[in-house]
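# Structural overview
Residue strings, one per chain:
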Amino acid sequence: MKYLAPQRRHPLRDFADRHWPARGQCSASMIQMTTREYRLTMPAATPRPDYGIDAPGVIRNLFLVAAIGLLTWGTTFAGLWSGIVGTSNVRIDLAHTLLWPGLGCLIMAVWMTWDSKFGKVRRREVLLGRLRWTGAEQVLDVGCGRGLMLIGAAKRLTTGTATGIDIWQSEDLSGNRPEATLENAAREGVADRVKVETADMRKLPFDDAVFDVIVSCAAIHNLYEAGDRAKAIAEIGRVLKPGGHVLIDDIRHGREYAATLRANGCSVTRISSVAGTILLTVLTFGSLRPEKLLAWELGHRVQFNSWLYVQPNLQYVINPGGTHTIPNALVLGAQCSVTF
Ligand SMILES: C[S@@+](CC[C@H](N)C(=O)[O-])C[C@H]1O[C@@H](n2cnc3c(N)ncnc32)[C@H](O)[C@@H]1O
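Residues numbered from 1 in each chain as written. Predicted model: local features only at pLDDT ≥ 70, side-chain atom pairs only at ≥ 80, totals over all residues.

## Considering the overall build of the chain
Rules: A run of H or I in DSSP counts as a helix once it spans at least four residues, and a run of E counts as a strand once it spans at least two, with each numbered from the N terminus. Here a residue counts as buried when 20 or more other C-beta atoms fall within 10 Å of its C-beta, as exposed when 12 or fewer do, and as partly exposed in between; the C-beta atoms come from the backbone. Here, residues touch in the contact sense if the C-beta positions derived from the backbone fall within 7 Å of one another.
On a plain count of helices and strands, the chain comes out with 8 helices and 14 strands. Each of the 340 residues in the chain was classed as buried or not, and the buried ones make up 29%. Taking all contacts inside the chain whose residues are at least 6 apart in sequence as the whole, residues at least 24 apart take part in 67%.

The structure is reproduced here in structure tokens:
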């Protein structure tokens, strides 16, 4: 029979209390003390968020083509057959013809998988780091998927809210469901600041000028008609507050988005590296032409802190007061907003 020493405070318990008290992950029972044995039972680690694999069908097809190319070449190399097909007049060296496209597809598929798993999270941090955050912003993520940008933004908020809209297409993103987004938000500890809604980006279910920051990553290109993409950008412009910011990261149509944003009263800057864009365009034979755009709606707001801003504006008022007694006026004013 083991002798159990009287319960007393032990340095391991202090350590545990210091490191996991708030999340309720550690309790006295996790530390078992006997005279001979000090054992700290570690709490199960919170699972990492899973932002899904982009375009899973495309990746599967790339791996398939790679497998066919490499198998054809490999079986020829192993001497199982000649690798040549055709008649005595037309002969095609199938093994070598399929090898290079196969290798190309393999590299592309591996890169797309790596980017979905790790690259896009790093890129998100760099992109969101381009904005100045007060913590009080109302953020919208257009085509949020499993919450990559949405949750990245929510992590920068204190009193603000991040809203994601999507139509949850599984061909665009593996495991694409609103529950998966909310689960990721919980895993990142921001569930209280995140909301998701089912909505089409061409018709956003929000009033005019309600968001301070609008982000969208790898989503708008999924609209195949230029007119639909213009509608989505116009909707972004409509729900953006004056002085608000738009951050768009997409794999093509960057110039088109920039033109539509400008037509909707935004000033636009390209923030992608020109060399990176050219390299990917060449390597993918023009199929990917990634662009990152940062835009802000003209009519700038000076945000002093999370609850106070002043926004200057200039108006030309026709027939002030409707009396025709006062001439038209050019008015320089300022809107002051206090949130409480
Ligand atoms: C490649 S996923 C990117 C998801 C997420 N932004 C990310 O970076 O992980 C593209 C997303 O756009 C969404 N989407 C496609 N067409 C849409 C539409 N018309 N309205 C809203 N979302 C759409 C898809 O459902 C999908 O979640």
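## Comments concerning the sheet that holds strand β9 (residues 240–250)
The criterion, for reference: Note: two strands are recorded as paired if DSSP finds a minimum of 2 bridges between them. Note on method: axes are straight lines fitted to C-alpha atoms, helices fitted across the in-contact stretch only, with angles between N-to-C directions ranging 0 to 180 degrees.
Taken in spatial order, the 7 strands make up an open sheet running β7-β6-β5-β8-β9-β11-β10, and their pairing is mixed. Among the strands making up the open sheet, the edge pair consists of β7 (194–198) and β10 (266–270). Taking the axes of each pair of neighbouring strands and ignoring which way they run, one obtains an average angle of 20° across the sheet. Note: strand β8 (residues 211–217) against β9, 6 bridges, orientation parallel. Of the residues in β9, the one forming a bridge with valine 215 is leucine 247. Relative to β9, helix α6 (residues 226–239) is tilted by about 145°, and along the sheet it contacts β5 (138–142), β8, β9 and β10.

## Considerations on the site of the ligand
For clarity, the cut-off: A residue counts as near a molecule or strand when its C-beta atom, positioned from the backbone, falls within 6 Å of it. Here the term charged refers only to Asp, Glu, Lys and Arg, the term nonpolar to Ala, Val, Leu, Ile, Met, Phe, Trp, Tyr, Cys and Pro, and the term polar to all other amino acids, Gly among them.
Taken together, 24 residues lie near the ligand, and Gly143, Gly145, Gln169, Cys217 and Ala219 sit nearest. Looking at the shell around the ligand, the elements that each hand over two or more residues are α4 (148–154) and β6 (161–166). Of the residues assigned to the shell around the ligand, the class counts are 13 nonpolar, 5 polar and 6 charged.

## Concerning the environment of arginine 130
Relative to the helices and strands, arginine 130 is located in the loop between α3 (94–128) and β5. When the C-alpha positions of arginine 130 and leucine 294 are compared, they lie 8.6 Å apart, and in sequence the two are 164 residues distant.

## Examining the packing of helix α2 (residues 56–77) against α3
Cut-off, in case you're wondering: For a crossing to be left-handed, the near helix must be turned anticlockwise from the far one by less than a right angle; the clockwise case is right-handed.
In contact at an axis separation of 7 Å, α2 and α3 are set at 145° when each is read in the N-to-C sense. α3 is crossed by α2, and the crossing has left-handed handedness.

## A look at the nonpolar core
Here is the rule: What makes a nonpolar core is a set of buried Ala, Val, Leu, Ile, Met, Phe, Trp, Tyr and Cys residues, with links drawn between C-beta atoms within 7 Å.
In terms of nonpolar packing, the biggest core is built from 43 residues, with Leu150, Ala153, Ala154, Ile214, Val215 and Val246 touching the most fellow members. Element by element, the count of residues in this core is highest for α4, at 6 residues. Contacts of valine 215, omitting those with residues within four sequence positions, involve Val139, Asp141, Met149, Ala153 and Leu247. Residues Ile59, Leu62, Ala66 and Met108 belong to the second largest nonpolar core, which totals 7 residues.

## Some points on the confidence of the model for the chain
Any segment with low pLDDT has predicted coordinates that should not be analysed in fine detail. Under the convention used in this document: pLDDT runs from 0 to 100 and stands for how confident the predictor is about each residue.
Residues at a pLDDT of 70 or more form 79% of the chain, whose mean pLDDT is 83. In the predicted structure, residues 1–7 sits below a pLDDT of 50 and forms 6 contacts with residues beyond four places in sequence or in another chain. Low pLDDT (under 50) marks residues 16–42, which in the prediction has 31 contacts with non-local residues, meaning those over four places away or in another chain.

## Regarding unusual backbone geometry
Among all residues except glycine, the phi angle is most often negative; among peptide bonds, the trans geometry is most common. Of note, the phi angle at tryptophan 168 is positive, near 60°, even though the residue is not glycine. Along the chain, the position of tryptophan 168 falls in the loop between β6 and α5 (178–187). For alanine 209, which is not glycine, the phi dihedral falls at a positive 50°. In this structure, alanine 209 sits in the loop between β7 and β8.

## Thoughts on helix α7 (residues 254–263)
Condition: The directions considered for the arc are those from the helix axis to the C-beta atoms.
Among the residues making up α7, those that are buried are Gly254, Tyr257, Thr260 and Leu261. Projected down its long axis, α7 carries its buried residues within an arc of 130°, all on one side. Set apart from the buried face of α7 by more than 90 degrees, the exposed residues are Arg255 and Ala263. On the buried face of α7, the contacting elements are α6, β9, β10 and β11 (291–297). One or two residues past the end of α7 sits glycine 265, with phi positive at roughly 85°.

## Digging into the environment of alanine 66
Counting through the fold element by element, alanine 66 comes out in helix α2. Residues alanine 66 and methionine 108 lie 42 residues apart in sequence; the distance between their C-alpha atoms is 9.7 Å. Among residues more than four places away in sequence, those in contact with alanine 66 are Gly102, Cys105, Leu106 and Ala109.

## Considerations on the pairing of β7
To be explicit about the condition: Crossover handedness is defined by viewing with both strands directed away from the observer: a clockwise path from the first strand over the helix to the second marks the crossover as right-handed.
Sheet analysis places β6 next to β7, joined by 5 bridges and oriented parallel. Looking at the pairing, threonine 163 lines up with lysine 195 of β7. Read from β6 through α5 to β7, the crossover connection turns out right-handed.

## Focus on the packing of α6 against α7
Quick note on the threshold: These descriptions rest on fixed angle ranges, namely under 35 degrees for roughly parallel, over 145 for roughly antiparallel, 65 to 115 for roughly perpendicular, and the rest for oblique.
Their axes nearest at 9 Å, the elements α6 and α7 cross at an angle of 45°. The angle between α6 and α7 places the two elements in the oblique class. As α6 runs across α7, the sense of the crossing is right-handed. Across the interface between the two elements, Ala226, Arg229, Ala230, Ile233, Ala234 and Gly237 of α6 pack against Glu256, Tyr257, Thr260 and Leu261 of α7. Looking at side-chain class alone, the contact of α6 with α7 contains 6 nonpolar, 2 polar and 2 charged residues.

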